[in-house]
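In case you want the letters, here they are:
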Amino acid sequence: MDCVPALDESLKKTVGGNTAKVLADQLGLHTVGDLLHHYPRRYAERGELTRLADLPLDEHVTVVAQVAKAAKKTFNHGRGVRLEVVVTDGSGSLTLVFFGRAAHHHERELLPGRRGMFAGKVSVFNRVRQLAHPDYELLDSESGSEAVDAFAGRLLPLYPACKQLPSWRIAKSVDALLDTFEADGWQDLTDPLPAALRDSRGLTTLPEAFLKVHRPRTKAEIAQARDRLKWDEAFVLQVALARRRFAEAQLPAVPRVPAEDGLLDAFDARLPFTLTEGQRKVSQEIFDDLATEHPMHRLLQGEVGSGKTLVALRAMLGVVDAGGQAAMLAPTEVLAQQHHRSVVEMMGELAEGGMLGGAEQATKVVLLTGSMGAAARRQALLDLVTGEAGIVIGTHALIEDKVKFHDLGLVVVDEQHRFGVEQRDALRSKGKQPPHLLVMTATPIPRTVAMTVFGDLETSVLDQLPAGRSPIASHVVPAKDKPHFLTRAWERVREEVEGGHQAYVVCPRIGDEEDGPKGAARSAAKGAAKKAGQDGPSPEDEAERRPPLAVLEIAEQLAKGPLGGERVEILHGRMQPDAKDEVMRSFAAGEVGVLVATTVIEVGVNVPNATAMVIMDADRFGVSQLHQLRGRVGRGSAPGLCLLVSEMPEGSPARARLDAVAATLDGFELSRIDLEQRREGDVLGQAQSGVRSSLRMLAVIEDEEVIEAAREEAVAIVSEDPELDRHPDLRTALDALLDAEREQYLDKG
């Protein structure tokens, strides 16, 4: 009998070099443990057929279906031959295509009535979905007895697979592994769940879970296995996060308590409004953290327009009062400049430290970006190192080695998901002792996602809009089905501008790229701006295939057509910083009626007089992004209007997404919809790749109860045994599931 492989052993010995290479290159499975944790995507039952109607295009799939008919055809004047096999499941059909010699070979096997598993990449030819040269295994009395027994005797696991390795071959590799472990009695398998926890939660053992998930006899066994394996993922991740929180709590930090009658009090006295109850509550949580001798690690998330920047500014002023400096890191120059402008505006004479006319308690607020002139940059760096500047707002330029602080006490990171962990960590390392950290996001995150992705941060939520914020009406504009709706949309924009307000028009593309066919883009833009729809073969195909609408073309069309006579300006990321700043200043001052922009205006841009927004090709943006964009209007006393323009037909998934955005202003509800429609990985983003790759069974929306319970158990264990000395199996599992890279990610928070 072969010796049992360790979970961290390479797959080469177990499955052979060639298969191991495909598993590693195509599916990211490198070790025995990786393959054991590669769970079936779903299970086929005897007699059950996959819904062919729902197959995704351009993805490798495995389907269980029955041959309805097969026909051999010639082409190229008889010189070529192809076999077309139509398979069905009752919901729809799919065509299998084989060319050349393969056509003759497969014709003898794929007879009407035969059932099998077919694997390949779904493509479309002549508007018919097909698999070209699929791999297959037949599942009836004429195929091998082993396959028949497996199929008749139990549920058939269908694995996430790839072109080079279909599902049933992966199943055979998993079976070989399970046989080896079973023969040894699973002696070398470490179980991360402490026995007491497992018993109290009524969870099955790990060997049983692996057998039931890969070789289930009933659906109840699958459910038992999934319950157990979800717990493993949630628990190990929450233990890692709890250990990070525990370790951070041991670090020293300088307590920052605001001085009485100082800068913060003077600022509060200047405010022309009272703070909302939510702002007061969150501010108190932050000031309580700042007063401790350990670094604050707090996530501040809030609805669009809920006043996060004000709360962050008060925290920064409190730190300046206490003798320290505060730095705000913004993802783009447009946003850094906007933050700098609004902070200086809110502070007034309190931002004029060391200047004639500055208030007694004033400090200096400096801006630091990559495009600043040499003289301004030198002065900003000098103000930071001497401590003259209490507050600095900047982009990644803040992270450069040349930037030195007199006494950095607080780091505020805006729109955290746009920064890599290294960037955040580099800024934090500039403090003499670890500075306090406040992370802000305007993308509302469901509680369990925050627990999973930002589990090492305490969370504060601002879900109350300040008084005076106006409601925003949102509508979908079906530009292709009802072109007169788009005509009316431009009339509404003109009405808003002529009524003394301003409007944004957002496009997915700039329009000066070399990669897209300009003519096609321009004609598409012209069609959208002039509403001249054309009948095409398929509205969805046509909308997806044409280039996204572009800022440059749409701005030109609007200025010459529906919005002629109004001042229309453009804004996008490739403009020179000075030009961008000039456009934003003009727009903020009310000199520009319509701003046609890319998503550079997505966060932080605050122009209360802007009341209307038209988002072109709205279906090309994510749900959260649409919510962010919409939050740029309705920021003053006049109601806001957001029009989502799309050529997608009613009933399509893209249209359903837009209808959901139009139906609610609740960002937390939309983030749930977003997460349910996409996979966690898309939402968690690249910076969280370690977390994402360790979540195979757990769904952060569906499994809220598991995540919350696992967090409680993890905190209890770590508070008693931070080094996990009394839980060696958990320690081993932690090392295996959270390798050095993931651990480092968690460490940097």
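The shown structure was predicted, so the numbers you read here are calculated from the model rather than taken from an experiment.

A.B. asks: Describe the environment of leucine 264, listing the residues and the values that go with them.
C.D. replies: Tracing the chain through its elements places leucine 264 in helix α10 (residues 263-270). Spatially, the C-alpha atom of leucine 264 lies 9.7 Å from that of leucine 350, the residues being 86 residues apart in sequence. With residues near it in sequence (within four places) discarded, leucine 264 still touches Pro258, Phe287, Arg314, Leu317 and Asp321.

A.B. asks: Can you explain the pattern of salt bridges? Please cite residues and give values.
C.D. replies: Per the counting criterion, the structure on display carries 36 salt bridges. In this structure, the salt-bridge partner of arginine 215 is aspartate 179, at a minimum N-O distance of 2.6 Å. Here arginine 215, found in the loop between α8 (206-214) and α9 (219-250), pairs with aspartate 179, found in helix α6 (residues 167-183); they are 36 residues apart in sequence, far enough to count as distant. Across the salt bridge formed by aspartate 407 and arginine 256, the nearest N and O atoms sit 3.0 Å from each other. Linking aspartate 407 in the loop between β12 (389-394) and β13 (408-414) with arginine 256 in the loop between α9 and α10, this pair joins segments that are 151 residues apart in sequence. Side by side, aspartate 407 and arginine 256 carry an identical accessibility label, which is buried. One continuous salt-bridge network, built from bridges that share partners, spans Arg488, Glu491, Arg492, Glu495 and Glu496.

A.B. asks: Outline the sheet that holds strand β20 (residues 610-615), supporting the account with residue identities and numerical values.
C.D. replies: Spatially, β16-β21-β20-β17-β19-β18 is the arrangement adopted by the six strands of the open sheet, whose pairing is parallel. The strands lining the two open edges of the sheet, one partner per strand, are β16 (472-478) and β18 (568-571). This sheet shows a mean twist of 20 degrees between the axes of neighbouring strands, independent of strand direction. Of the strands in this sheet, β16, β17 (502-506), β20 and β21 (640-646) are in contact with helix α22 (residues 623-630), which crosses β20 at around 150 degrees.

A.B. asks: Account for the confidence of the model for the protein chain, with residues named and values stated.
C.D. replies: Low-confidence regions, as indicated by low pLDDT, have predicted coordinates that should not be scrutinised in detail. On average, residues of the protein chain carry a pLDDT of 83, and 85% of them reach 70 or more. In this model, residues 514-526 is a region of pLDDT below 50 whose contacts with residues beyond four sequence positions or in other chains number 16 contacts. Scored below 50 in pLDDT, residues 528-537 makes 23 contacts in the model with residues more than four places away or belonging to other chains.

A.B. asks: So what's going on with the packing of helix α13 (residues 333-347) against helix α21 (residues 577-588)? Which residues, and what values?
C.D. replies: As a packed pair, α13 and α21 sit with axes 10 Å apart at the nearest point and diverge in direction by 50 degrees. Here α13 is positioned oblique relative to α21, judged by the angle of their axes. Two packed elements cross with a definite hand, and for α13 against α21 that hand is right-handed. Residue-level inspection shows Glu333, Val334, Gln337, Gln338 and Arg341 of α13 in contact with α21, the latter providing Pro577, Lys580, Asp581, Met584 and Arg585. Taken together, the residues of the contact of α13 with α21 break down into three nonpolar, two polar and five charged.

A.B. asks: Please give an account of the side chain of arginine 655 that cites residues and values.
C.D. replies: As for its position among the elements, arginine 655 is in helix α23 (residues 653-663). Separated by 3.2 Å, the side chain of arginine 655 and the backbone oxygen of methionine 648 make a polar contact. Dropping the residues within four chain positions of it, arginine 655 is found in contact with Val476, Pro478, Asp481, Met648, Pro649 and Glu650.

A.B. asks: Give a description of the sheet that holds strand β14 (residues 436-441) that names residues and reports values.
C.D. replies: Ordered in space as β11-β12-β10-β13-β14-β9-β15, the seven strands form an open sheet in which the pairing is parallel. At either end of the open sheet lies a strand with only one pairing partner, and these are β11 (364-368) and β15 (458-462). Sheet twist, expressed as the mean angle between neighbouring strand axes with direction ignored, is 20 degrees. As judged from the five bridges shared by β11 and β12, these two strands associate in the parallel manner. Note that in β12 the partner of leucine 368 across the bridge is glycine 394.

A.B. asks: Break down the packing of aromatic side chains for me, with residues and values.
C.D. replies: If you walk through the whole model with that rule in mind, you get six aromatic pairs. Measuring from centroid to centroid gives 6.0 Å for phenylalanine 75 and phenylalanine 99, while their planes differ by 90 degrees, and the two rings are edge-to-face. Placement of the pair is phenylalanine 75 in strand β2 (residues 60-75) and phenylalanine 99 in strand β4 (residues 93-99), with a sequence separation of 24 residues. An angle of 55 degrees between the planes, with centres 5.0 Å apart, marks the rings of tyrosine 504 and phenylalanine 587 as tilted. Placement of the pair is tyrosine 504 in strand β17 and phenylalanine 587 in helix α21, with a sequence separation of 83 residues. Owing to a relative accessible area of 1%, tyrosine 504 belongs among the buried residues under this scheme. Using a relative accessible area of 0% as the deciding quantity, one classes phenylalanine 587 as buried.

A.B. asks: Kindly report on the nonpolar core, identifying the contributing residues and their values.
C.D. replies: Among the nonpolar cores identified, the biggest contains 37 residues, and Met347, Ile391 and Leu410 are the most heavily contacted of them. Mapped onto this core, the elements with two or more residues apiece are α10, α11 (277-290), α12 (308-321), β10 (325-329), α13, β12, β13 and β14. Broken down by element, this core gets its largest block of residues, nine residues, from α12. The next biggest cluster of nonpolar side chains, apart from the first, holds 33 residues, and it includes Leu595, Val605, Met613 and Leu626.

Cut-offs used in this document
Residues numbered from 1 in each chain as written. Predicted model: local features only at pLDDT ≥ 70, side-chain atom pairs only at ≥ 80, totals over all residues. Heavy atoms only, no water. Helix = DSSP H or I, 4+ residues; strand = E, 2+ residues; numbered from the N terminus. Contact = heavy atoms within 4.5 Å. Salt bridge = Lys/Arg side-chain N within 4 Å of Asp/Glu carboxyl O. Buried < 20%, exposed > 50% of the residue type's maximum accessible area, 1.4 Å probe, protein only. Pairing = 2+ DSSP bridges. Axes fitted to C-alpha atoms, helices over the stretch in contact; angles between N-to-C directions. pLDDT = per-residue confidence, 0-100. Parallel < 35°, antiparallel > 145°, perpendicular 65-115°, else oblique. Left-handed = near helix turned anticlockwise from the far one by under 90°. Nonpolar A, V, L, I, M, F, W, Y, C, P; charged D, E, K, R; others polar. Polar contact = N/O pair within 3.5 Å; in protein donor to acceptor, adjacent residues only side chain to side chain. Phe/Tyr/Trp six-rings, centres within 6.5 Å; stacked < 30°, edge-to-face > 60°. Core = buried A, V, L, I, M, F, W, Y, C linked by side-chain atoms within 4.5 Å.

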